[in-house]
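Analysis of the macromolecular model
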Amino acid sequence: LADLATKLNLPAETVRRKIELWVGNGVVREVPSESPGPMTITYHVIEHASETGDGLSSDWFSMSDDEAEGIASSDALAQQENAVHENLVLGVLRNFESLPLDRIHNMLKMFTCQPPYDRSAQELVVMLNGLIAAEKIVCNGGMYSLKKN
């Protein structure tokens, strides 16, 4: 993601938000690393509809402008929800010096009402990696904490 951001001359956070649209629509897929240590995500373009496992076909690319606008507005809503959840994570980490992924995930599920937090731990990792890339938090030994100035 950082390489793509550099090549596009855009902030990594902007690239991450934009790529979520393509992931959500089955054009790109996230592939988590299997190596030990902090989880990293790489992105792969889906060459054939059979790679998605969800029956995506070339009809997706011929959508109407209204459908495209609907995707854009849902993308904006997802960005707003993501910003709320990111602020909650930062608030939690202000109150607790450091927390593991599962504890952050459970706290968000328990205490977030509007917008509701219904994301998987894997999606939380993507969000936390975005906060790490934005240099707002750090991860050491699986424990997330605010970045010290």
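My aim in this report is to walk through the structure given alongside it, one point at a time. (Residues numbered from 1 in each chain as written. Predicted model: local features only at pLDDT ≥ 70, side-chain atom pairs only at ≥ 80, totals over all residues. Heavy atoms only, no water.)

**A short note on the overall build of the protein chain**
Counting its secondary structure elements, the protein chain contains 5 helices and 5 strands. Its helices and strands taken in sequence order, the protein chain reads α-α-β-β-α-β-α-α-β-β from the N to the C terminus. Among the 149 residues that make up the protein chain, the fraction classed as buried is 30%. Long-range pairs, those at least 24 residues apart, make up 49% of the contacts in the protein chain with a sequence separation of at least 6. Of the roughly 9,500 Å² that the protein chain leaves accessible, carbon and sulfur atoms contribute 54%. (Helix = DSSP H or I, 4+ residues; strand = E, 2+ residues; numbered from the N terminus. Buried < 20%, exposed > 50% of the residue type's maximum accessible area, 1.4 Å probe, protein only. Contact = heavy atoms within 4.5 Å. Areas by Shrake-Rupley, 256 points an atom, 1.4 Å probe, with all protein chains shown as cover.)

**Quick word on the side chain of Glu13**
As for its position among the elements, Glu13 is in helix H2 (residues 12-24). Classification of Glu13 by relative accessible area gives buried; the value is 18%. Apart from residues lying up to four places away in sequence, Glu13 is in contact with Glu86 and Gly130.

**Some remarks on H2**
Here H2 contains 13 residues, and its C-alpha end-to-end distance of 18 Å stays within 8% of the 18 Å for a straight helix at 1.5 Å per residue. Among the residues making up H2, those that are buried are Glu13, Thr14, Val15, Arg16 and Ile19. Gly26 lies just past H2 and shows a positive phi near 75°. (Expected span 1.5 Å × (residues − 1).)

**Regarding the layout of surface pockets**
Its volume calculated, the second largest pocket comes out at about 240 Å³. Lining the second largest pocket are 13 residues, and of these Leu1, Ile41, Asn129, Gly130 and Ala133 lie nearest its centre. Only H2, strand S2 (41-45) and helix H5 (121-133) provide two or more residues apiece to the lining of the second largest pocket. When residues of the lining of the second largest pocket are assigned to their parent elements, the largest contribution, 5 residues, is made by H5. By residue class, the composition of the lining of the second largest pocket is 9 nonpolar, 3 polar and 1 charged. (1 Å grid on protein atoms, 1.4 Å probe; cavity = no way out; pocket = protein on both sides within 12 Å on 5 of 7 lines; lining within 4 Å. Points joined across faces, edges and corners; volume = space filled by probe spheres on them. Nonpolar A, V, L, I, M, F, W, Y, C, P; charged D, E, K, R; others polar.)

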